[in-house]
Amino acid sequence: MKKFAIAAAALVVGTVSASAADLAARPYTKAPVPVAAVYNWTGFYIGGQVGYAWGDNRTTEFVTATGLPTGFTRGFNADGFVGGAHIGYNWQFGQFVFGLEGDVEGADIKGGYRLANLNGTDFRIDTQASIRGRLGVAFNNSLLYVTGGAAWADMDHTYVFANTLFETVSTTRTGWTVGAGWEYGFTPNWSARLEYRYTDFGSFRNASTFSFPGFTYEHDPVFHTVRGGISYRFGGPVVAKY
């Protein structure tokens, strides 16, 4: 009887061991991979900007009838504040961002000179605009870019005789502008920027009819401008990167 009990116990232990060996091993579960957010610059955007412009201009005198210079030339500075709105669209391909942007601004850029005899030239820009391409490299929500294109400005040159006669000639000039900037996306749709641009409106001539009849004056305005701005982008959400 004792031998039977020992044999039965051995049989039970063996059966339990075999059943435990047949159980599947607990599956290994890998820890979840963190999800990194990637800023997407693609989309249509609008915004506003303000800035300060400074530059050079020059008045060079010619005889209207012959086109020959009289030998008189006088350079002067002009500066002032600018501000307005911009609109554009970005396309992002990998780390590169391509865009097209236009802006229009009011301006209070002024300059001029007076000679000892109180003759002189006054200069002013009150509106300006541009349309430009943009090419940038994105580091997530930070964008470094260059920009360039066409620029326009409404310019007034006032020819002053003895500080008593004032003849204003208004001209809309077309020129070119290039620059660079940094834009930072501080929310998925809002970004701020800081930008520098150089603008050259070329050389052109205005003929005087009553302040200095018979004479024509050549000008060549160029400007440096620093702007700060803010933009709101429609679409282009932050996307997940695994």
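Residues numbered from 1 in each chain as written. Predicted model: local features only at pLDDT ≥ 70, side-chain atom pairs only at ≥ 80, totals over all residues. Heavy atoms only, no water.

Asks: Before we move on, could you go through the overall build of the protein and cite the residues and values that matter?
Replies: Tallying secondary structure elements over the protein gives one helix and twelve strands in all. Going residue by residue from the N terminus, the α and β elements of the protein occur as α-β-β-β-β-β-β-β-β-β-β-β-β. Of all 242 residues assigned to the protein, the portion counted as buried reaches 36%. Looking at the protein alone, contacts between residues at least 24 apart form 68% of all its contacts between residues at least 6 apart. As presented, the protein carries roughly 13400 Å² of accessible surface, and 68% of it is formed by carbon and sulfur atoms. (Helix = DSSP H or I, 4+ residues; strand = E, 2+ residues; numbered from the N terminus. Buried < 20%, exposed > 50% of the residue type's maximum accessible area, 1.4 Å probe, protein only. Contact = heavy atoms within 4.5 Å. Areas by Shrake-Rupley, 256 points an atom, 1.4 Å probe, with all protein chains shown as cover.)

Asks: An account of the packing of aromatic side chains is requested, with residue identities and associated values reported.
Replies: In the structure shown here, the tally under the stated rule is 15 aromatic pairs. In this arrangement the basic side chain of Arg 134 is found over the ring face of Tyr 145, its NZ or CZ atom lying 4.4 Å from the centre. Taking NZ or CZ as reference, Arg 205 lies 3.7 Å from the ring centre of Phe 62, over its face. (Phe/Tyr/Trp six-rings, centres within 6.5 Å; stacked < 30°, edge-to-face > 60°. Lys NZ or Arg CZ within 6 Å of the ring centre and 35° of its normal.)

Asks: If you had to explain the pattern of salt bridges to someone new, which residues and values would you point to?
Replies: The final tally for this structure, using the stated rule, is 13 salt bridges. Arg 227 is paired through a salt bridge with Glu 105; the nearest N and O atoms lie 2.7 Å apart. Placement of the pair is Arg 227 in strand β11 (residues 222-234) and Glu 105 in strand β4 (residues 96-114), with a sequence separation of 122 residues. The exposure classification of Arg 227 matches that of Glu 105, with both residues buried. Here Arg 205 makes a salt bridge to Glu 218, at a shortest N to O gap of 3.0 Å. One end of the pair, Arg 205, is in strand β9 (residues 204-207); the other, Glu 218, is in strand β10 (residues 215-219), with 13 residues separating them in the sequence. By relative accessible area, Arg 205 is classed as partly exposed at 43%. (Salt bridge = Lys/Arg side-chain N within 4 Å of Asp/Glu carboxyl O.)

Asks: Before we move on, could you go through the nonpolar core and cite the residues and values that matter?
Replies: By size, the foremost hydrophobic cluster in this structure holds 15 residues, and its most contacted members are Ile 109, Phe 123, Ile 125, Met 155, Phe 201 and Phe 223. If you list the elements that add at least two residues to this core, you get β3 (69-93), β4, β5 (120-139) and β6 (142-161). (Core = buried A, V, L, I, M, F, W, Y, C linked by side-chain atoms within 4.5 Å.)

Asks: An account of the side chain of Arg 132 is requested, with residue identities and associated values reported.
Replies: Note that Arg 132 resides in strand β5. Setting aside residues up to four positions removed in sequence, Arg 132 forms contacts with Gly 99, Leu 100, Glu 101, Asp 103, Thr 147, Gly 148, Gly 149, Thr 177, Glu 195 and Arg 197.

Keep in mind that these numbers describe shape and distance, not what the molecule does.
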